Amino acid sequence: MIKRLVCLILALSAAFAVTGCTEKEPPPDPVILPAAEAVEDPTGYRVVNPTQYPDYTFEGAPSNMDLRMTAVRAMRDTLSIRWSCTDGIYYCKTGPVSHKFFQHQPDTTYAGVLYSNASTGIFQFLEYYDQETGRLLFPGDGDDVKHVLGSSCADCLIWGWNTVCNSIVGSYYPVTMVYANGYYPVGDYTYDTSISTFNRLPTNTIIEQNGEAVMLDAYTKVQPADALVSSTDNHGMMVIEIPHVVYHPDGSINKDESYVVIQDQRGGTGAGFYEVEEDGLTMLYSGRTEATYTFQKLLEKHFIPVTTAEFAGIKDYEVPTVTASAQTVKELEDLLAVTVESNYPLAVVNAWVEDTQGNRILLDRACFGGAKDTGVPKAYKLGKLEGLQNFASSAYNQKTLTVRIEVVTSAGTRHIPVSYII
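Residues numbered from 1 in each chain as written. Predicted model: local features only at pLDDT ≥ 70, side-chain atom pairs only at ≥ 80, totals over all residues. Heavy atoms only, no water.

Of all 9 residues making up helix α4 (residues 153-161), 9 are buried, and the element is well covered by its neighbours. All of the buried residues along α4 are Cys153, Ala154, Asp155, Cys156, Leu157, Ile158, Trp159, Gly160 and Trp161. (Buried < 20%, exposed > 50% of the residue type's maximum accessible area, 1.4 Å probe, protein only. Helix = DSSP H or I, 4+ residues; strand = E, 2+ residues; numbered from the N terminus.)

Now the structure itself:
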């Protein structure tokens, strides 16, 4: 059985509100997609049907709000997918602010990918998800799963952004959402843009340096898909509505009555879940699909608003593409030297083989996540696939075969850049 590498990425749309009042649309149902279905494998390699991934791409030039709401939807999908488990999953999610112990009980309905430091999202989660039963099938205990599946607050937020934005660089931490890594301030507040993390200039200091009035004005300017980050709270969350702003008679902002609506991956208190009644069920969420923060609370928690170059209108949207360094090879060994590359972060790379009878054999799959220090790659050398390496040296490769390399980007698109007839 071939070793499977581990993976990542993210979804849903939110409602708008006008100043002083709220008019909401009902949220769409959470995305639940088929998992890979295993079938008998006479070759000793894994034969599965392809996983169906959500697709967040646009053709042409989408509006700025289309981009924003797609990122909101992508993060919402990650926060709301429903699942249960057979044997239970227990683990402690550690972090710089607090430790949270999660007990996923058997035959209990949960919503959203696990809250962990695995830095993966909905695409990786679907690799272990059974569509017919709605069960998460993971071959390991809680200590294993927390390193493989799930996302932290910043992971979930950035994978939502990555569906339509490819300008972000660096690792996935709230404190790294600085200008140097492609994050732009929302509003007129300023700070030293040469810093590499907010550890060098904490967000509470930025608020003090700019003053309350400037920061309150910045909160009024956030739009759906913008983020609010705090280095002291070590948290990042996504705005999902236009802010609700209330003014005093003198024209100043009422910070106690004004508020924003957000979604985030955080983990609740106590048992670590948020209980939500849906469709006659008590759903246990590891994140929040809707929560309100007054401007006063944002100040107290030292949140500052940031956004991406695409949302700020500084950079145009790019349609996801995938290329391969070679279009033809004569031997399977030569295929190991081929590199696939995208203009977006890679989520999954599959190596398939079809024999002369049309049987599809999955040699290996690489899923990308946990890239806390380096970010998620946009290029990948096929020789890193252990299953493809083993297959290239096996006797089975002497037959006439078609090798298909399939790539899923952070936008969810499935590309088949090359097919190699060996």
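A few words on the state of the cysteines. According to the stated counting rule, one finds 0 disulfides in the structure shown. Distance from the sulfur of Cys153, which forms no disulfide, to the nearest cysteine sulfur (Cys156) is 9.1 Å. Residue classification places Cys153 among the buried residues on the basis of a relative accessible area of 6%. (Disulfide = S-S within 2.5 Å.)

You can see Glu241 is positioned in the loop between β13 (235-239) and β14 (259-265). A distance of 3.0 Å separates polar atoms of two side chains, one belonging to Glu241 and the other to His244. (Polar contact = N/O pair within 3.5 Å; in protein donor to acceptor, adjacent residues only side chain to side chain.)

We now examine the sheet that holds strand β15 (residues 274-278). The sheet built from 4 strands is open, its strands ordered β5-β8-β16-β15 with mixed pairing. The sheet is open, and its two borders are formed by β5 (82-83) and β15, each paired with just one other strand. For strand β8 (residues 110-111) and strand β16 (residues 281-285), the ladder comprises 2 bridges, and the chain directions are parallel. What sits directly across from Tyr110, in β16, is Leu284. (Pairing = 2+ DSSP bridges.)

Right, let's get into the packing of aromatic side chains. Following the criterion strictly, the structure yields 12 aromatic pairs and no others. One aromatic cluster is present, built from ring pairs that chain together Trp83, Tyr110, Phe125, Tyr129 and Phe273. A cation over a ring is seen here: Lys297 above Tyr293, with NZ or CZ 4.4 Å from the ring centre. (Phe/Tyr/Trp six-rings, centres within 6.5 Å; stacked < 30°, edge-to-face > 60°. Lys NZ or Arg CZ within 6 Å of the ring centre and 35° of its normal.)

Taken in spatial order, the 3 strands of this open sheet run β19-β20-β23, and their pairing is antiparallel. Two strands in the sheet have a free side with no partner beyond their single neighbour: β19 (322-324) and β23 (379-381). Pairs of neighbouring strands in the sheet enclose a mean axial angle of 15°, with direction left out of account. In this sheet, β23 lies alongside strand β20 (residues 339-342) in antiparallel orientation, the contact comprising 3 bridges. (Axes fitted to C-alpha atoms, helices over the stretch in contact; angles between N-to-C directions.)

Once that is clear, we can look at the confidence of the model for the protein. With 79% of its residues at a pLDDT of 70 or more, the protein shows a mean pLDDT of 80. Predicted confidence is poor over residues 1-50, with pLDDT under 50, and the contacts of this stretch with residues over four places away or in other chains come to 165 contacts. (pLDDT = per-residue confidence, 0-100. Contact = heavy atoms within 4.5 Å.)

This next bit is on the packing of helix α1 (residues 64-80) against α4. Interhelical geometry of α1 versus α4 gives an angle of 135° and a closest axis separation of 7 Å. The orientation of α1 with respect to α4, classified from their angle, is oblique. Of the two elements, α1 crosses α4, and the hand of that crossing is right-handed. For the pair α1 and α4, the contacting residues are Ala71, Ala74, Met75, Thr78 and Leu79 in the first and Cys156, Leu157, Gly160 and Trp161 in the second. (Parallel < 35°, antiparallel > 145°, perpendicular 65-115°, else oblique. Left-handed = near helix turned anticlockwise from the far one by under 90°.)

Glancing now at the environment of Pro224. With respect to the element layout, Pro224 can be found in the loop between α6 (212-220) and β12 (227-230). Residues Pro224 and Ile240 lie 16 residues apart in sequence; the distance between their C-alpha atoms is 4.4 Å.

Phi at Asp107 takes a positive value of approximately 55°, unusual for a residue other than glycine. The exposure class assigned to Asp107 is exposed, which follows from its relative accessible area of 56%. Residues other than glycine seldom take positive phi values, yet Ala225 does so here, at roughly 85°. Mapped onto the secondary structure, Ala225 falls in the loop between α6 and β12.

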